[in-house]
Amino acid sequence: MPTEVDTSNLSAECAVAQEPYYKHLHETCRQTQDIPLPHSRGILLIRRCECACHLRGRRSA
């Protein structure tokens with residue numbers, strides 16, 4: 001039986017890329033950084049994708 005993967009913190013592209021034959025969709029993900037809500041403090045409009053392929057090699061600033 002296939003194991004379930006939590007895709008709630010992934011972009012649409014990376015969530016679909018968890019399926020066989022769709023692995024190439026990781027390359028089209030554009031959610032590589034947090035986008036804040038304009039004129040707000042700490043509220044995110046779009047959260048970056050938390051896929052492991054995006055976390056590799058990235059350091060917190």
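The structure contained in this document is the topic of the report that follows. (Residues numbered from 1 in each chain as written. Predicted model: local features only at pLDDT ≥ 70, side-chain atom pairs only at ≥ 80, totals over all residues. Heavy atoms only, no water.)

1. Notes on unusual backbone geometry
Excluding glycine, residues mostly carry a negative phi; peptide bonds, for their part, are mostly trans.
Then comes step 1: Positive phi, normally seen in glycine, also occurs at Tyr 21, with a value near 75 degrees.
Then comes step 2: In this fold, Tyr 21 is placed in the loop between helix H1 (12-16) and strand S1 (35-36).
Then comes step 3: The residue His 39 is not glycine, and still its phi comes out positive at about 60 degrees.
Then comes step 4: Mapped onto the elements, His 39 comes out in the loop between S1 and strand S2 (44-46). (Helix = DSSP H or I, 4+ residues; strand = E, 2+ residues; numbered from the N terminus.)

2. Focus: the pattern of salt bridges
Then comes step 1: This structure, assessed with the given rule, holds two salt bridges.
Then comes step 2: With its nearest N and O atoms 3.8 Å apart, the salt bridge here joins Asp 34 to Arg 48. In this pair, Asp 34 sits in the loop between H1 and S1 while Arg 48 sits in the loop between S2 and helix H2 (52-55), placing the two residues 14 residues apart along the sequence. (Salt bridge = Lys/Arg side-chain N within 4 Å of Asp/Glu carboxyl O.)

3. Quick look at the state of the cysteines
Then comes step 1: Enumeration according to the criterion identifies zero disulfides in this entry.
Then comes step 2: The cysteine Cys 14 is free of any disulfide, with Cys 49 supplying the nearest cysteine sulfur at 3.8 Å.
Then comes step 3: By relative accessible area, which is 0% here, Cys 14 ends up buried.
Then comes step 4: The closest cysteine sulfur to the non-disulfide-bonded Cys 29 is located on Cys 14, 4.0 Å from its own sulfur. (Disulfide = S-S within 2.5 Å. Buried < 20%, exposed > 50% of the residue type's maximum accessible area, 1.4 Å probe, protein only.)

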